Amino acid sequence: MHHFEYRNGELYAEDVPVRQLAREYGTPLYIYSSSTFAHHFKAFDSAFSSIPHCTCFSVKACSNVNILRLLGSLGAGMDIVSGGELHRALAAGIPPERIVYSGVGKKHAEIRQALEAGILMFNVESMQELERIASVAGEMHLVARISLRVNPDVDPKTHPYISTGLKKNKFGLDLEQSLKAYRRAQELDGIEPVGIDCHIGSQLTSIEPFIEALDRVMRFYETLKSEGINITYLDLGGGLGIPYHAEEPPHPVEYGRVVSERIKDSGLTLILEPGRVIAGNAGILVTEVVYTKDTPSKHFVIVDAAMNDLVRPSLYQSYHRIAEVQPKGRPERNVDVVGPICESGDFLAQDRDLPGVEQGELLALFSAGAYGFSMSSQYNSRLRAAEVLVEGSTARVIRRRETYADLTALEE
Ligand code: LLP
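In this numbering scheme, every chain counts its residues from 1 along its sequence in written order. The model is predicted, so local features are restricted to residues of pLDDT at least 70 and side-chain atom pairs to those at 80 or more, both for listing and for counting; the totals for chains, interfaces and linings are taken over all residues. In computing side-chain properties, one takes all heavy atoms of the structure into account and sets aside hydrogens as well as water.

Student: Help me out: how do you make sense of the pattern of salt bridges in this one?
Tutor: When the charged atoms of two side chains lie near each other, side chains of opposite charge can form a pair. When a carboxyl oxygen of Asp or Glu is within 4 Å of a side-chain nitrogen of Lys or Arg, the pair counts as a salt bridge. By the definition in use, this model includes 25 salt bridges. With a shortest N-O distance of 2.6 Å, Arg400 and Asp406 are connected by a salt bridge. The exposure class assigned to Arg400 is partly exposed, which follows from its relative accessible area of 48%. By sharing partners, the salt bridges in this structure join Glu324, Lys328, Arg330, Glu358 and Glu361 into a single network. Under the scheme applied here, a residue whose accessible area is under 20% of the maximum for its type counts as buried, over 50% as exposed, and between as partly exposed, the area being computed with a 1.4 Å probe on protein chains only.

Student: Help me understand the packing of helix H3 (residues 65-73) against helix H4 (residues 83-91) in this model?
Tutor: Geometry of a packed helix pair, given as the angle between the helix axes and the separation of the axes. Interaxial distance between H3 and H4 falls to 8 Å at its minimum, and their mutual angle equals 55 degrees. Judged on the interaxial angle alone, H4 and H3 are oblique. As for how H3 packs across H4, the hand of that crossing is right-handed. Across the interface between the two elements, Val65, Leu68 and Arg69 from H3 touch Arg88, Ala89 and Ala91 from H4. Looking at the contact of H3 with H4, its residues break down into four nonpolar, no polar and two charged. An axis is simply a line fitted to the C-alpha atoms; with a helix, the fit covers only the stretch in contact. Between two such axes, the angle follows the N-to-C directions and lies from 0 to 180 degrees. A run of H or I in DSSP counts as a helix once it spans at least four residues, and a run of E counts as a strand once it spans at least two, with each numbered from the N terminus. Put simply, angles under 35 degrees are roughly parallel, angles over 145 are roughly antiparallel, angles from 65 to 115 are roughly perpendicular, and the rest are oblique. Should the near helix be turned anticlockwise from the far one by less than a right angle, the crossing is left-handed, and should it be turned clockwise, the crossing is right-handed. Working rule for contacts: check all heavy atoms of both residues, and any pair within 4.5 Å makes them a contact. For this classification, Asp, Glu, Lys and Arg are treated as charged, while Ala, Val, Leu, Ile, Met, Phe, Trp, Tyr, Cys and Pro are nonpolar and the rest, including Gly, are polar.

Student: Sorry if this is basic, but what is going on with the packing of helix H2 (residues 34-46) against H3 here?
Tutor: Contact geometry of H2 with H3 gives a least axis separation of 10 Å together with a crossing angle of 45 degrees. It follows that H2 is oblique to H3 by the angle criterion. In terms of crossing hand, the pair formed by H2 and H3 is right-handed. Residue-level contacts link Ser34, Phe37 and Phe41 of H2 to Ile67, Leu70 and Leu71 of H3.

Student: Quick question: what am I supposed to make of the nonpolar core here?
Tutor: When a protein is soluble and globular, its nonpolar side chains tend to lie buried together. To qualify as a nonpolar core, a set must consist of buried Ala, Val, Leu, Ile, Met, Phe, Trp, Tyr and Cys residues joined through side-chain atoms within 4.5 Å. Ranked by internal contacts, the top residues of the largest apolar core, which has 103 residues, are Phe37, Met78, Phe122, Leu234 and Tyr255. Tallying contributions element by element places helix H8 (residues 208-226) first for this core, with nine residues. Residue ranges labeled as domains rest on an automatic or database domain assignment. Each of domain 1 (4-32 + 280-411) and domain 2 (34-276) gives at least three residues to this core. Residue contacts for Phe122: discarding those within four places in its chain leaves Tyr101, Lys106, Ile111, Ala114, Leu115, Ile133, Ala144, Arg145, Ile146 and Ser147.

Student: Just checking my understanding: could you explain the site of the ligand for this structure?
Tutor: When we say a residue is near a molecule or strand, we mean one of its heavy atoms is within 4 Å of it. Surveying the vicinity of the ligand reveals 19 residues, the closest of which are Ser202, Glu273, Arg312, Tyr316 and Tyr371. Here an oxygen atom of the ligand sits 2.9 Å away from a polar atom, N or O, in the main chain of Gly275. Think of a polar contact as two N or O atoms within 3.5 Å of one another; within protein, one of them needs to be a possible hydrogen donor and the other a possible acceptor, and neighboring residues in sequence only count if both atoms come from side chains. Contact distances for the ligand include 2.8 Å between an oxygen atom and a backbone N or O atom of Arg276. Here the shell around the ligand is built from residues that sort into five nonpolar, eight polar and six charged.

Student: Whenever I open this one, the domain arrangement of the protein chain confuses me. Can you help?
Tutor: You'll often see interface size given as the accessible area lost when the parts meet. By the assigned domains, the protein chain splits into domain 1 (4-32 + 280-411) and domain 2 (34-276). Between the C-alpha centres of domain 1 and domain 2 the distance comes to 32 Å. With 25 residues of domain 1 at the contact, the number on the domain 2 side is 21 residues. Accessible area that two parts lose when put together, evaluated with a 1.4 Å probe and summed over both, is termed the buried area. Summed over both partners, the interface of domain 1 with domain 2 buries about 2,000 Å², with 56% contributed by carbon and sulfur atoms. Taken as a group, Tyr316, Tyr319 and Tyr371 account for 27% of the area that domain 1 buries against domain 2, more than any other trio of residues on that side. In this assembly, domain 1 and domain 2 are joined by zero salt bridges. Listing elements by their share of the side of domain 1 that touches domain 2, those giving two or more residues are helix H11 (312-316), strand E19 (386-391) and strand E20 (394-399).

Student: I'm lost on the sheet that holds strand E9 (residues 144-149) in this one. Help?
Tutor: Neighbouring strands of a sheet are bound in pairs by backbone hydrogen bonds; such pairs are parallel or else antiparallel. Paired strands, in this sense, are two strands between which DSSP finds at least two bridges. Read around the closed barrel, eight strands run E5-E6-E7-E8-E9-E10-E11-E12, paired in parallel fashion. Sheet twist, expressed as the mean angle between neighbouring strand axes with direction ignored, is 30 degrees. For strand E7 (residues 99-101) and strand E8 (residues 121-124), the ladder comprises two bridges, and the chain directions are parallel. Within E8, the residue paired with Tyr101 across the bridge is Phe122. The sheet strands contacting H4 are strand E6 (77-80) and E7, and the helix crosses E6 at an angle near 165 degrees.

Now the structure itself:
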């Protein structure tokens, strides 16, 4: 469900014509719908309303501080993976007791920064990290609340780059190591083990891997209890998929029901870290056709957005629906939609049937709200796009387009 719809023959973002935004702010342009964000957040969060929980939006999916503020105003906490994301979450006014910190390589300064802020907990991913957090907390005369990220060795059946809960992945600790780490955590002065965490992957389109992981984690939780290790939080990470194309991921309500049913009697407070399911369909990327070019083997549509703006197609061969902002009903042709970057890997779609579009026309790439702008770069010294947030009939720039001065500002 999202608020990008065709009305009177053209695409609207809520009540604003996309064409008008493109004219005013230029292209490539990220456009977000504030009602879609709110709708997704509420639908997800309320799916867990029967149990104590905190929905921590995964900042990496869409990191703009204005978006974080919007979600924060609806009660969201944040899942962060760097000092930079902590900075953003705090700048957005997120209460530190609603922030959880994951990631395999937290540095000394980042741990300090998070302890100073007073975050809810660290999701610890190795023995060395546990020791380091204990020593930083000791230096600061504080106690760090932690969860251990257990790796349940479950196949999430998603793209290998975004699978995280398999034995061979760099994330978390296997169950045996986790037990040792909990025992060690009990001994360490600067550490209070308060939770257990797992995140098995992203863009999951079936419920079974979640259930398998949860069942393994709950069995492990029983083992912890029998050892006298009493925790209060269960963090299930993120990972729920969205329909980019033909996928039919489980609805958050189903996910919420299945999870709540399994943990309702445990007394555990649930932490969730959704990113894509909140942000994915809340944003589009609008681009202008710069040229069309027919070669003996291919038709190319060359647009002004590129892999530096949206890397997902190049990196994961992922599919984003592409449609005209003002459809003209022309017959389809099979085309590659490509950007201006000097790499053959720079494409937004390959072998796609699209209506024959012409120079100067606008195209919208859907489902670009998650891992779109947040993964963008300046490669080929391209200026990063502007981001605009629409709310009803008003639109405001929440990140201005970069300038040439921005490009060299840090190099003088
Ligand atoms: N929690 C942890 C510990 C994570 O590593 C992730 C995503 C999330 C939560 C949020 O997952 P989500 O609900 O968004 O699936 N760039 C890739 C996705 C990378 C996901 C990394 N971790 C893409 O564009 O598909």
